[in-house]
Amino acid sequence: MKKVAFWPWLWVVLGGLYFLLPLYATLDFSLRAKRGVLGLTAYASVLHNPKFVQTFAFSLRMAVFTIVVSILLMVPTVYWVHLRVPRLRPMVEFVTLLPFVVPAIVHVFGLIKTYSQPPLVLVVSPALLVGAYVVLSFPYMYRAIDTGLRALDVRTLTEAAQSLGAGWGTILFRVILPNLRVALLSGAFLTFSIVMGELTLALYLAWPAFGPFMYQIGQNRAYEPAALAIISLALTWLSIGLIQLFGRGHAGQAQIAGAK
Amino acid sequence: MAFLELADVRKVFNQSVAVEHFTMGIEPGEFVSFLGPSGCGKTTTLRMVAGFERPTSGTISVGGVDITHRPANRRNIGMVFQSYALFPNMTVAENIGFGLKLKHVDSKSIAQRVSHLLEVINLPDKGGRYPAQLSGGQQQRVALARALAIEPQVLLLDEPLSALDAKIRVSLRNEIRAIQRQFGITTIYVTHDQEEALSLSDRIVVMSNGRVEQIGTPLQIYTYPQTTFVASFVGTLNVLRAKVIDPAAGRITVDDQPVMVARSLAQHRAGDMINVALRPEVIGLDGAPGTINQLQGVVEQVTFLGGTIRTQMRFASNSLFFDMFNTPNGKLPQTGQTLTVTFPEASCLLIDGPVGTSATV
Ligand SMILES: Nc1ncnc2c1ncn2[C@@H]1O[C@H](COP(=O)(O)OP(=O)(O)OP(=O)(O)O)[C@@H](O)[C@H]1O
Ligand SMILES: [Mg+2]
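The rules behind the values
Residues numbered from 1 in each chain as written. Chains lettered and ligands numbered in written order. Predicted model: local features only at pLDDT ≥ 70, side-chain atom pairs only at ≥ 80, totals over all residues. Heavy atoms only, no water. Patch = residues over 30% accessible without salt bridge, like charges linked within 9 Å, V, L, I, M, F, W, Y side chains within 5 Å. Areas by Shrake-Rupley, 256 points an atom, 1.4 Å probe, with all protein chains shown as cover. Salt bridge = Lys/Arg side-chain N within 4 Å of Asp/Glu carboxyl O. Helix = DSSP H or I, 4+ residues; strand = E, 2+ residues; numbered from the N terminus. Buried < 20%, exposed > 50% of the residue type's maximum accessible area, 1.4 Å probe, protein only. Contact = heavy atoms within 4.5 Å. Buried area = accessible area lost by both parts, 1.4 Å probe. Polar contact = N/O pair within 3.5 Å; in protein donor to acceptor, adjacent residues only side chain to side chain. Phe/Tyr/Trp six-rings, centres within 6.5 Å; stacked < 30°, edge-to-face > 60°. Lys NZ or Arg CZ within 6 Å of the ring centre and 35° of its normal.

Student: Any chance you could explain a nonpolar patch on the surface here in plain terms?
Tutor: Residue and element names in this part refer to chain A. Nonpolar side chains collect at one region of the surface, where Phe 94, Val 95, Leu 98, Phe 100, Val 101, Val 102, Ile 105, Val 106, Phe 109, Leu 203, Tyr 204 and Tyr 215 lie side by side and expose about 1100 Å² of accessible area between them. At the level of elements, α4 (89–101), α5 (104–115) and α10 (200–204) are the ones that each hand at least two residues to the nonpolar patch. Of note, Ile 105 is situated in helix α5. Owing to a relative accessible area of 34%, Ile 105 belongs among the partly exposed residues under this scheme.

Now the structure itself:
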């Protein structure tokens, strides 16, 4: 019995070390900005940098727009695919994976080439950035919504609502969306952390975003990038924690969805 | 003109016919069941009435108004689904009130109506629960209340009990029927359970392969099946191969034993082989000789079923089974024993072709 348990645990520990050691090293390094003492100097320096607040606020706004647009675009689309053309689901799923296939650099040059000349000059508008972020969010949003809808009996719920007199708007906003709350939250938090850290698109479209700021710091400083890395990691973990929290808070609801 | 009219309704799904020549009128307050095997088009017909499918041709009207092309959400037809389909994000009361809210009924009237319906479905204190906190039977009762809340012109139920276990099925079906009577609502009930259809309905529509086989009261359907399909699908049957002796007199033989049938054999000639069907319950052991048909055979198997005893008998080439009550002092047939069974001549159904085809009797 003990012998059986030994090897799996060894791998778990080795794997854990592989991930945690660099993290610990980064954390330790970020605390050593003042020679000889452990302190938060690097963190203070990052947080006092006015650009930190500016770029963070900018990216935050972009993230919120991205999430809203993405939900408004994806929920009706995925719902429609589930309801009317379920056989197209594999195709739609493939399309949503394209952001993983097309490198960001190709994506951004395509955008610049297309939208920097008439008839559509969009490179100066943040709408283009949001649009590009919406595309980046596809894999996460689609998967979240798809999973959420799968847990519901979409067709029957739609018909039940119709027979009670509901039109499409009512069905989407009063029946479908409320039941996707947990799914949408997890999609939204994932999108949030993607947008907050995104570098290439923001850099080449020349927006003062958080990603380029981190990059810039990394170029010129020694301890601050480590501090920033820890801060953004904390942000990501906060997002994941919130997903867990909301997910658990609505466990009853998730159960309902399963108990068709 | 009846209240709900289906006139020559037909539905084709990419070249395969799901329903055709469906014509019937349903009276106000009537309880009609659609009965038939899987895939015969019951649900499709119901969905056309609900507005979820458009007929390929034909018309549907309610109260004299043609609704064939009206969208489902403007039909005012209530629907109860096999899977309950309650909105998981709403409480029981919110589910029931949903349709009224969409009609902009004021919230006080909604609350009154909801609590009345909760009384009707016998769940007066469950209004604040979420659907997941209810049993299947309770959920289906809520679904019924939700459909009734909008005072629909027609109530449709698609196998509402098939997801429930047997005991609840029987009690809930009676409850549904009682509520339907109380509201006097015109109802179509889809089922593939003949017992359900026979015990609940004012009239039954037996369907097979997208066509109506017979429309009639439960008694008519059971006692006077008009097609072989109906005869074999509703109730159980013994089918015997018989030889026509005298078509005019209705005289035939089953394995060389004489049998009289009280039906015309005019389309047959002496020497033809035909199928005669007998319901197990018309077969007995003690009839007055002479007036009643008798067949002598060997008992092959006796099965104890609790309240009844099923006996399987074999003749030269035919076999049949019949049931008798398990009375304390009745003597039971013994395996291997030679036995004579009797049945009235009027109870012989004539069937064309092999059982399961839908030829006219
Ligand atoms: N949306 C659809 N697309 C294509 N064919 C369909 C569709 N819906 C039903 N059919 C076909 O129409 C026929 C009738 O189906 P229907 O669902 O009405 O049967 P049913 O009598 O309700 O059967 P069951 O007892 O299994 O529910 C079947 O052959 C089925 O395959
Ligand atoms: Mg069906």
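Student: I tried to follow the interface of chain B and chain A on my own but got confused; where do I start?
Tutor: In many reports, interface size means the accessible area that the parts give up when they come together. On the side of chain A, 22 residues touch chain B, which itself brings 24 residues to the contact. Both faces considered, chain B and chain A share a buried interface measuring about 2000 Å² in area, 66% of it formed by carbon and sulfur atoms. The interface formed by chain B and chain A holds one salt bridge in total. Here Arg 47 of chain B makes a salt bridge to Glu 159 of chain A, at a shortest N to O gap of 2.7 Å. Put simply, chain B and chain A have five residue pairs in polar contact (both at pLDDT 80 or more) between them.

Student: Got a minute to help me understand the pattern of salt bridges in this structure?
Tutor: Two side chains that carry opposite charge are able to pair once their charged atoms sit near each other. Following the criterion strictly, the structure yields 17 salt bridges over all chains and no others. Between Glu 300 of chain B and Arg 314 of chain B there is a salt bridge, and its shortest N-O distance comes to 2.9 Å. Placement of Glu 300 of chain B in strand β15 (residues 293–304) and of Arg 314 of chain B in strand β16 (residues 308–314) is noted, with a sequence separation of 14 residues between them. Each member of the salt-bridge network shares a partner with another, and the members are Arg 155 and Glu 159 of chain A together with Lys 11, Arg 47 and Glu 53 of chain B.

Student: So what exactly am I meant to see when it comes to the environment of Thr 311 of chain B here?
Tutor: Residues and elements named next belong to chain B. Its location among the elements puts Thr 311 in strand β16. In this structure the C-alpha to C-alpha distance between Thr 311 and Val 154, which are 157 residues apart in sequence, comes to 45 Å. Among residues more than four places away in sequence, those in contact with Thr 311 are Val 299, Gln 301, Val 302, Leu 320, Phe 321, Phe 322 and Pro 333.

Student: Could you clarify how one ought to interpret the packing of aromatic side chains in this entry?
Tutor: Two numbers describe a pair of aromatic rings. These are the distance of the centres and the angle of the planes. Applying the stated criterion to the full structure yields 17 aromatic pairs over all chains. Each ring, one from Phe 52 of chain A and one from Phe 56 of chain A, has its centre 5.8 Å from the other, and the planes form 20 degrees; the classification is stacked. In this pair, Phe 52 of chain A and Phe 56 of chain A are both assigned in helix α3 (residues 50–84), four residues apart and thus about one turn of the helix distant. Ring centres of Phe 100 of chain A and Tyr 140 of chain A lie 6.0 Å apart, and the angle between their planes is 80 degrees; on these two criteria the pair is classed as edge-to-face. Taken together, the residues Phe 100 of chain A in helix α4 and Tyr 140 of chain A in helix α6 (residues 126–150) connect sequence positions 40 residues apart. Judged by its relative accessible area of 52%, Phe 100 of chain A is exposed. Here the aromatic cluster, defined as three or more aromatic residues joined through ring pairs, consists of Phe 52, Phe 56, Phe 210 and Phe 213 of chain A. In this structure, Arg 146 of chain B packs its charged tip against the face of Phe 87 of chain B, placed 4.6 Å from the ring centre. The ring of Tyr 222 of chain B has Arg 279 of chain B sitting right over it, with the charged end atom 4.1 Å from the ring centre.

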